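# Reading the structure
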Amino acid sequence: MSTSCWSVYDTQLSSRLFLGTARYPSPAIVEAAIVASAPDVLTVGLRRQAPTEGGGSAFWEFLKRQKCHMLPNTAGCATAKEAVTLAQMSREIFETDWIKLEVTGDEYNLQPDPYELLTATKQLINLGFKVFPYTTDDLVVCTRLMDLGCEIIMPWGAPIGTGKGLINPYALATLRDRLPSIRLIVDAGIGMPSHAAQVMELGFDGVLLNTAVARADDPVKMAKAMAYAIKAGRAAFEAGAMAVSETAQASTPIVGRPFWHAK
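Starting from 1, residues in each chain are numbered consecutively following that chain's sequence as written. It should be noted that, the model being predicted, local features are given only for residues of pLDDT at least 70 and side-chain atom pairs only at 80 or more, the latter also being counted only at that level, while totals for whole chains, interfaces and linings use all residues. The side-chain figures draw on all heavy atoms in the structure; neither hydrogens nor water molecules are used.

### Topic: the overall build of the chain
Defined as follows: Helix and strand assignments follow DSSP, with helices taken as H or I runs no shorter than four residues and strands as E runs no shorter than two, numbered in order from the N terminus. The reference for a compact globule is 2.2 Å times residues^0.38; the radius of gyration itself is calculated from the C-alpha atoms. Only protein chains enter the area calculation, which uses a 1.4 Å probe; residues under 20% of their type maximum are buried, those over 50% are exposed, and those in between are partly exposed. Working rule for contacts: check all heavy atoms of both residues, and any pair within 4.5 Å makes them a contact. The protein chains shown are the only cover counted for residues, whose accessible areas, like all others here, come from Shrake-Rupley with a 1.4 Å probe. Charge convention: Lys and Arg are scored as positive, Asp and Glu as negative, and His as well as the terminal groups of each chain are ignored. The location of each charge is read from NZ of Lys, CZ of Arg, CG of Asp or CD of Glu.
Looking only at helices and strands, one finds 9 helices and 10 strands in the chain. A compact globule built from 263 residues should have a C-alpha radius of gyration of about 18 Å, and the chain, at 20 Å, falls within 12% of that. Overall size of the chain, expressed as C-alpha extent along the three principal axes, is 80 × 40 × 35 Å. The burial tally for the chain puts 48% of its 263 residues in the buried class. Pairs at least 24 apart in sequence give 65% of the contacts found in the chain among residues at least 6 apart. Total accessible area computed for the chain in this model is approximately 13300 Å², and 54% of it derives from carbon and sulfur atoms. Distance from the positive charge centre (24 side chains) to the negative charge centre (26 side chains) of the chain: 6 Å.

### Examining unusual backbone geometry
Residues apart from glycine generally show negative phi values, whereas peptide bonds are mostly found in trans. A positive phi angle is found at Tyr-9, which is not glycine, with a value near 50°. With respect to the helices and strands, Tyr-9 occurs in the loop between strand S1 (6–8) and strand S2 (11–13). Taking relative accessible area as the criterion, Tyr-9 reaches 10% and is therefore assigned buried.

### What about the pattern of salt bridges?
Our working definition: By definition here, a salt bridge exists when the distance from a side-chain nitrogen of Lys or Arg to a carboxyl oxygen of Asp or Glu is within 4 Å.
Counted by the stated rule, this structure contains 6 salt bridges. A salt bridge links Lys-100 to Glu-102; the nearest nitrogen and oxygen atoms lie 3.0 Å apart. For the pair Lys-100 and Glu-102, a shared accessibility class is recorded, and that class is buried. Three or more residues joined by partner-sharing salt bridges are found here, namely Lys-100, Glu-102 and Asp-187.

### Quick look at the nonpolar core
Here is the rule we go by: Put simply, buried Ala, Val, Leu, Ile, Met, Phe, Trp, Tyr and Cys residues joined by side-chain atoms within 4.5 Å make one nonpolar core.
In this structure, Phe-18, Phe-132, Ile-190 and Val-213 are the most contacted members of the largest nonpolar core, which totals 73 residues. With near-sequence residues (within four places) excluded, Phe-18 lies in contact with Trp-6, Val-8, Leu-13, Val-41, Leu-71, Phe-132, Ile-185, Val-207, Leu-208 and Leu-209.

### Digging into helix H3 (residues 80–94)
Think of an α-helix as 3.6 residues a turn; residues three or four steps apart then line up on the same face. What counts is decided by this rule: The span expected for a helix works out to 1.5 Å for each residue beyond the first.
Helix length check: H3, at 15 residues, gives a terminal C-alpha distance of 21 Å against a target of 21 Å (1.5 Å per residue), a fit within 8%. Glu-95 occupies a position one or two residues after H3 and carries a positive phi of about 55°.

### As for the pairing of strand S7 (residues 130–135)
Looking down a regular strand, the side chains alternate between one sheet face and the other. Operational definition: Strand pairing is defined by DSSP finding a minimum of two bridges between the two strands. The handedness of a crossover follows from its direction of travel: if, with the strands pointing away from the viewer, the path from the first strand over the helix to the second runs clockwise, the crossover is right-handed.
Burial of S7 is extensive: 5 of the 6 residues sit out of reach of the surface. Here 4 bridges tie strand S6 (residues 98–101) to S7, and the two strands are oriented parallel to one another. The partner of Leu-101 across the bridge, within S7, is Pro-133. Traced from S6 through helix H4 (residues 114–126) to S7, the parallel crossover comes out right-handed. Sheet topology places S7 next to strand S8 (residues 152–155); 2 bridges connect them, and they run parallel. Counted as the bridge partner of Tyr-134 is Met-154 from S8.

### As for the packing of H4 against helix H5 (residues 139–148)
For any two helices packed against each other, the geometry comes down to the angle between their axes and how far apart the axes lie. Definition in use: In this analysis an axis means a line fitted to C-alpha atoms, helices contributing only their contacting stretch, and an angle means the value between N-to-C directions, from 0 to 180 degrees. Each angle gets one of four labels, with under 35 degrees taken as roughly parallel, over 145 as roughly antiparallel, 65 to 115 as roughly perpendicular, and the rest as oblique. Polarity classes work like this: nonpolar for Ala, Val, Leu, Ile, Met, Phe, Trp, Tyr, Cys and Pro, charged for Asp, Glu, Lys and Arg, and polar for all others, with Gly in that last group.
Two numbers describe how H4 lies on H5: the axes approach to 10 Å, and their chain directions differ by 10°. Relative to H5, the element H4 lies roughly parallel. Contact residues: Pro-114, Leu-117, Leu-118, Thr-121, Lys-122 and Ile-125 in H4; Val-141, Arg-144, Leu-145 and Leu-148 in H5. Its residues assigned to classes, the contact of H4 with H5 comprises 7 nonpolar, 1 polar and 2 charged.

### Focus: the layout of surface pockets
The cut-off we apply is this: A 1.4 Å probe that fits into a set of points on a 1 Å grid over the protein atoms alone but cannot get out defines a cavity; an open set with protein on both sides within 12 Å along at least five of seven lines defines a pocket, and lining residues are those with an atom within 4 Å of a point. Grid points are joined across faces, edges and corners, and a volume is the space filled by probe spheres set on the points.
Roughly 580 Å³ of internal volume is contained in the largest pocket. For the largest pocket, the lining is made up of 33 residues, of which Ala-22, Arg-23, Ile-160, Asn-210 and Thr-211 are closest to its centre. Of all the secondary-structure elements, those providing two or more residues to the lining of the largest pocket are strand S4 (41–45), strand S10 (206–209) and helix H8 (211–214). If you tally residues by element for the lining of the largest pocket, the top one is S4, at 3 residues. Here the lining of the largest pocket is composed, by residue class, of 13 nonpolar, 15 polar and 5 charged.

### Some remarks on the packing of aromatic side chains
Stated formally: Working definition: a ring pair exists when centres of Phe, Tyr or Trp rings (six-membered ring for Trp) sit within 6.5 Å. Plane angles under 30 degrees give stacked, over 60 give edge-to-face, the rest tilted. Here, a charge over a ring means that NZ of Lys or CZ of Arg falls within 6 Å of the ring centre while also lying within 35 degrees of the ring normal.
Summed over the entire model, instances satisfying the criterion amount to 3 aromatic pairs. Judged by centre distance (6.2 Å) and plane angle (40°), the ring pair of Trp-6 and Phe-18 falls under tilted. Taken together, the residues Trp-6 in strand S1 and Phe-18 in strand S3 (residues 17–20) connect sequence positions 12 residues apart. The exposure class assigned to Phe-18 is buried, which follows from its relative accessible area of 0%. Joined through ring pairs, the aromatic side chains of Tyr-9, Trp-98 and Phe-132 make up one cluster. Above the plane of the ring of Phe-129 lies Arg-91, whose end atom (NZ or CZ) is 3.9 Å from the centre. Positioned above the aromatic ring of Tyr-134, the side-chain terminus of Lys-100 is 5.6 Å from the ring centre.

Okay, structure coming up:
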């Protein structure tokens, strides 16, 4: 698969970066970060988008003008009923069947509720939505989401907003190995470009991030760095890494006398 061309729900994309739009210092910096990193997909929440960021319809219209695919999210919902209602509102506002489904089960670490998530997923798919479910790295939950008809799953790398990176690389690698036919995007917990590159080196299809860019000292420069890291990580995955060795091996083997004694 090319580093530059892939698809989600039959929509062709060129970038593997999904960029969040909350918590930036200003709408102008959001726009500059979008220009610098060139994502194809922007995510926005109707419940958690702060008034200081432009607020309401004015900010949403501003995002529509960025010529990216909009991925509304249901952040802030605690039940399937709330999430389904908000998804229907989002579809009307943004004129898209895409929905990033979030149902929070714990207010301390904002961990997704797997039971409400599965319930909401089933209902939304029946309503014609193309669901992008945000979940933990639990293999069984991810398998159930795939069985319901999701073509993409978005497991966390770490609790949202922590910037800790991949706290369980083994679980993520297992997901990639056991679910080879589905799109996988790590969503939440990314803090540094190296974290994003690590995700891509595992064979994931993309990275969704927000806070790592929005709360950087220079969000625009960090957005560009994240885009570079994602491209580099994907290229490394496609190249195929060398096998790990337990012993040292000379990079230049000994083949005989030094070349200047060849005669």
